[in-house]
Amino acid sequence: MKILPLQRKNNYFLFYIPCLFWITSCVNQSNKVNSTTQNSPVPKEITTDKVTADTAAGKEDDFHKIPTNRDYNDIARYIAGMKGWPGSPYAKLENDSAWAKFHRNFDAAWKEVAAKRLQPMSTWASTELTSEQKSNLNIFYPLSGPDILHADVFFPDAKIYRLYALERNGALPNLVNMSTKETESYINQVYSSLGDVFTKSYFITRKMMTALTADNVNGTLPLICVFLVRTGHEVINIQYCHLNDDGTETPLDKDSLGIHHNDLVKVYFKNNNNNSIQMVSYMKCDLSNNAYQKNIALQNFFAKMPQSITYLKSASYLLHYAFFSSFRDLILSKSKTILEDDTGIPYKYLPRDKWEVTLYGVYDKPVQDFSGVFQSDLESVYKDTLHTKPKKLPFSLGYHWGTNKQNLIKAQLKN
């Protein structure tokens, strides 16, 4: 996520909506980064049952009870430029010349990103995030946009990933009722929306806010599903829910398209590396103080949320500002580990008597889009190589894209 410089608190809403940026790129594990259509497994048991209310909004330990609706995965593969599994009703659409071009371009772009960025990320995470990957803690990813992908590469086996941002929930396309022209336009919109992630590692919201309208890609859900299948997962079911004032969830019959306040979408998927069932939820919401302090449902939900691993990526320095103080405090109170770059929670809120901090990469002044958020204390600890000893970061991920000036900060709560 990337937001242009902010001058006044009252400008936040107008500022946040048109200028939000988000990042997406990912792998799951080193043997999943280069997963292709040809080596993706075909599910042995396929049903078309709908998720029942009890299963969808029930105990999250019961993921193994989630029935498989193959259609979600077939649609996801098609709009991700991946050839369908045998029996896919959309296989005939692959004969279209526009889809064939989309398939070739997507494969080539993904292969390059995997080699240059995603594979090094996966290798790094396997050594530097070992304890977090084995912790069985859920992943808390505010200010995320649809970026399940980075969370997945760093924490590939988490049971639950919770994403929160301003973009609409949306829906997968109804390919059966779309004309050839409409289908071609849709996949072109998908590919166009991915252009910046291939080159910069994040998406530009001024483009994304157009691409994710109902008339185009239609929200975050399609992109979440695209990245899940592209990283070797199988989408097995999707459920829309409403967050009640007491923090509980009620299943919805269909996609709300972001019309109702406090609706969310859950994507259940199978990790084909170990056959476990995982879930990513995405909720459209405003996390600034004014909105968050009025959102009783979200406050009650977070109050019940167990301690988690928090991931913050290209967060536009929002958590530096006073008008995000309530949510910043929540993150600090709910996190066992925080993995972020300098755009997340400022270093001054991570005192060494409470947090064990490990630094990676290089700290440089913020890019020119931002002012007033330079952290002199963070610069000092990065320069103190005798005591701090920052570790190398073998990939470029963030606003200083294409350079060696990226950073990551891992803060682990002391016992």
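Up top you'll find the structure we're talking about.
Residues numbered from 1 in each chain as written. Predicted model: local features only at pLDDT ≥ 70, side-chain atom pairs only at ≥ 80, totals over all residues. Heavy atoms only, no water.

Asks: I keep staring at the overall build of the protein chain and nothing clicks. Help me out?
Replies: Secondary structure assignment for the protein chain yields 14 helices and ten strands. Scored against the burial criterion, the 415 residues of the protein chain give a buried share of 58%. Taking the contacts inside the protein chain whose residues are at least 6 apart along the sequence as the reference set, 72% of them involve residues at least 24 apart. Looking at the protein chain as shown, the accessible area adds up to about 17400 Å², and 50% of this sits on carbon and sulfur atoms. (Helix = DSSP H or I, 4+ residues; strand = E, 2+ residues; numbered from the N terminus. Buried < 20%, exposed > 50% of the residue type's maximum accessible area, 1.4 Å probe, protein only. Contact = heavy atoms within 4.5 Å. Areas by Shrake-Rupley, 256 points an atom, 1.4 Å probe, with all protein chains shown as cover.)

Asks: Teacher, can you tell me more about the pairing of strand 10 (residues 407-413) here?
Replies: Walk down a regular strand and you will see the side chains alternate between the two sheet faces. Buried residues dominate strand 10, accounting for five of its seven residues. Relative to strand 10, strand 8 (residues 335-340) is paired through four bridges, and the arrangement is antiparallel. Along strand 10, the bridge assignment pairs L339 with K410. For strand 9 (residues 355-361) and strand 10, the ladder comprises seven bridges, and the chain directions are antiparallel. From the neighbouring strand, W355 faces strand 10, where its bridge partner is L413. (Pairing = 2+ DSSP bridges.)

Asks: Can you walk me through helix 7 (residues 180-193) in this structure?
Replies: Note that an α-helix has 3.6 residues per turn; residues three or four places apart therefore point the same way. The first and last C-alpha atoms of helix 7 sit 20 Å apart over 14 residues, in line with the 20 Å expected at 1.5 Å per residue. For helix 7, the set of buried residues is T183, Y186, I187, V190 and S193. The buried side chains of helix 7 occupy one side of the element, clustering within an arc of 125° when seen end-on. Exposed residues lying more than 90 degrees from the buried face of helix 7 are T180, K181 and S192. (Expected span 1.5 Å × (residues − 1). Arc of directions from axis to C-beta.)

Asks: What is the right way to look at the pattern of salt bridges in this model?
Replies: Pairing between side chains of opposite charge can happen when the charged atoms of each approach one another. Using the criterion set out here, one finds ten salt bridges in the structure. Residues D107 and R230 are paired through a salt bridge, measuring 2.8 Å at the closest nitrogen-oxygen approach. One end of the pair, D107, is in helix 4 (residues 97-128); the other, R230, is in helix 10 (residues 220-230), and 123 residues separate them in sequence. Take D107: its relative accessible area is 30%, and that puts it in the partly exposed class. For K391, the salt bridge is made with E128, and the minimal N-O distance between the two is 3.3 Å. Separated by 263 residues along the polypeptide, K391 in the loop between helix 14 (376-383) and strand 10 and E128 in helix 4 bring together distant segments of the chain. Residue E128 is classed as buried on the basis of its relative accessible area, which comes to 19%. (Salt bridge = Lys/Arg side-chain N within 4 Å of Asp/Glu carboxyl O.)

Asks: Explain helix 13 (residues 325-334) here, please?
Replies: Taken together, the buried positions of helix 13 are F327, R328, L330, I331, L332 and K334. At its buried positions, helix 13 is contacted by strand 1 (139-142), helix 11 (289-292), helix 12 (296-304), strand 7 (308-312), strand 8 and strand 9.

Asks: Sorry, what's going on with the packing of helix 3 (residues 70-79) against helix 10 here?
Replies: When two helices pack together, their arrangement is given by the angle between the helix axes and the distance between those axes. Running from N to C, helix 3 and helix 10 cross one another at 85°; their axes reach a closest spacing of 8 Å. Of the possible angle classes, the one that applies to helix 3 and helix 10 is roughly perpendicular. Contacts from N73, A76, R77 and I79 of helix 3 reach helix 10 at P222, C225, V226 and V229. Grouping the constituent residues of the contact of helix 3 with helix 10 by class yields six nonpolar, one polar and one charged. (Axes fitted to C-alpha atoms, helices over the stretch in contact; angles between N-to-C directions. Parallel < 35°, antiparallel > 145°, perpendicular 65-115°, else oblique. Nonpolar A, V, L, I, M, F, W, Y, C, P; charged D, E, K, R; others polar.)

Asks: In this structure, what is going on with the sheet that holds strand 5 (residues 263-271)? I would like to understand it.
Replies: Sheets are built from strands that pair by backbone hydrogen bonding, the pairs being arranged parallel or antiparallel. Taken together, ten strands build an open sheet; the order of strands is 4-3-5-6-2-1-7-8-10-9 and the sheet is mixed. Lying at the two open borders of the sheet, with one neighbouring strand each, are strand 4 (249-251) and strand 9. Looking at each pair of strands side by side, their axes are set apart by 25° on average, direction ignored. For strand 2 (residues 160-165) and strand 6 (residues 276-284), the ladder comprises six bridges, and the chain directions are parallel. Paired with Y161 across the strands is V280, a residue of strand 6. Along the sheet, helix 10 contacts strand 3 (233-243), strand 5 and strand 6; its crossing angle with strand 3, the most-contacted strand, is approximately 155°.

Asks: What's the story with the packing of aromatic side chains in this structure? I'm lost.
Replies: Here a ring pair, both rings aromatic, is described through the centre-centre distance and the interplanar angle of the planes. The tally for this structure, following the rule as stated, stands at 29 aromatic pairs. Plain terms: the ring middles of F301 and F302 are 6.0 Å apart, the flat faces sit at 65° to each other, and that makes the pair edge-to-face. A single burial state applies to F301 and to F302, both of which are buried. Here the aromatic cluster, defined as three or more aromatic residues joined through ring pairs, consists of W124, Y141, F154, F155, Y311, Y360 and F395. Between R230 and the ring centre of F106, over which it is positioned, the NZ or CZ distance is 4.2 Å. (Phe/Tyr/Trp six-rings, centres within 6.5 Å; stacked < 30°, edge-to-face > 60°. Lys NZ or Arg CZ within 6 Å of the ring centre and 35° of its normal.)

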